[in-house]
Amino acid sequence: MGANSSKHKITAQDRAILDLKVQRDKLKKYQKSINVVLEKEVDIARQALAKGDKKRALLALRKKKYQEQLLEKTDQQLLNLEELTQSVEYALVEKQVLDGLKSGNAVLKEIHKETSVEAVEKLMDDTADAIAYQNEVDELLSGQVSSEDEEEIERELAALQQQELEAELPSVPAERLPETEQKLPEVPSHEPSEPIAQSVKGKEKPQKEAMLAS
């Protein structure tokens, strides 16, 4: 409970808006009661006329007229309350916007302090000094290396590149693959048996007779 109340603290502006809305709701209820009285006075006037009581009818209509005047006043008061409530709410929105602008300007000023012209110039000078120092170191190193050293460095670089290239190629297996012998079908070493030879000769004889007959 304490944590919620601290987070949602009711300010004087919130209370003022709440009071205005309460008064508005009261006026609306009062208007409803006036409308009820108006209808009642009209009924009384009709009943009085039905009975021939003109004075009472006039009195009821006068009361009705008075209630209508009150209703007009409450309408104006209600309009004033609505306008005042909206003005207060809009003023609060403007205040929040102004507070946001103030905070933004304060942050922007702090950023400008950190990135002042002097700080930027100092940073640029430091950067230029660092670049000049690096260039000087490079010149000293390049002056100490002779042409022979440069050639040796180039050869060493080429050797390293060759090693990298060989490392990327697939390795060849060191062991020989086993040889596979392809066996051909064996040639028969004995002559075919006699029944087979006779059957072949028996087939050839009818073929010769058929050729002679033709």
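Residues numbered from 1 in each chain as written. Predicted model: local features only at pLDDT ≥ 70, side-chain atom pairs only at ≥ 80, totals over all residues. Heavy atoms only, no water.

Participant: Let's hear about a positive patch on the surface: which residues, and what values?
Facilitator: A contiguous patch of positive charge on the surface is contributed by Lys 26, Lys 28, Lys 29 and Lys 32. Looking at the element boundaries, Lys 26 is found in helix α2 (residues 12–51). (Patch = residues over 30% accessible without salt bridge, like charges linked within 9 Å, V, L, I, M, F, W, Y side chains within 5 Å. Areas by Shrake-Rupley, 256 points an atom, 1.4 Å probe, with all protein chains shown as cover. Salt bridge = Lys/Arg side-chain N within 4 Å of Asp/Glu carboxyl O. Lys, Arg positive; Asp, Glu negative; His and termini not counted. Charge placed at Lys NZ, Arg CZ, Asp CG, Glu CD. Helix = DSSP H or I, 4+ residues; strand = E, 2+ residues; numbered from the N terminus.)

Participant: Residue-level account of α2, with values.
Facilitator: Between its first and last C-alpha, α2 extends 59 Å over 40 residues, near the 58 Å set by a 1.5 Å rise per residue. Elements in contact with the buried residues of α2: α3 (54–114). A positive backbone phi angle near 85° is found at Gly 52, which sits one or two residues after α2. (Expected span 1.5 Å × (residues − 1). Contact = heavy atoms within 4.5 Å.)

Participant: I'd like a description of the packing of α2 against α3, backed by residues and values.
Facilitator: The angle between the axes and the distance between the axes are what describe a pair of packed helices. Interaxial distance between α2 and α3 falls to 8 Å at its minimum, and their mutual angle equals 165°. Accordingly, the angle class assigned to the pair α2 and α3 is roughly antiparallel. Between α2 and α3 lies a crossing of left-handed hand. Taken together, the residues of the contact of α2 with α3 sort by class into 22 nonpolar, 8 polar and 12 charged. (Axes fitted to C-alpha atoms, helices over the stretch in contact; angles between N-to-C directions. Parallel < 35°, antiparallel > 145°, perpendicular 65-115°, else oblique. Left-handed = near helix turned anticlockwise from the far one by under 90°. Nonpolar A, V, L, I, M, F, W, Y, C, P; charged D, E, K, R; others polar.)

Participant: Give a description of the pattern of salt bridges that names residues and reports values.
Facilitator: Summed over all chains, the structure comprises 6 salt bridges. Of the charged contacts in the structure, one is a salt bridge between Arg 24 and Glu 82, with a shortest N-O distance of 3.9 Å. Here the residue Arg 24 occupies a position in helix α2, and Glu 82 occupies one in helix α3, the gap between them amounting to 58 residues. For Glu 82, a relative accessible area of 24% translates into the label partly exposed. Notably, a salt bridge pairs Lys 64 with Glu 68, separated by 2.4 Å at the nearest N-O pair. In this pair, Lys 64 and Glu 68 are both assigned in helix α3, 4 residues apart and thus about one turn of the helix distant. Connected via shared salt-bridge partners are Arg 24, Asp 25 and Glu 82. (Buried < 20%, exposed > 50% of the residue type's maximum accessible area, 1.4 Å probe, protein only.)

What is shown is where atoms sit, not what they do.
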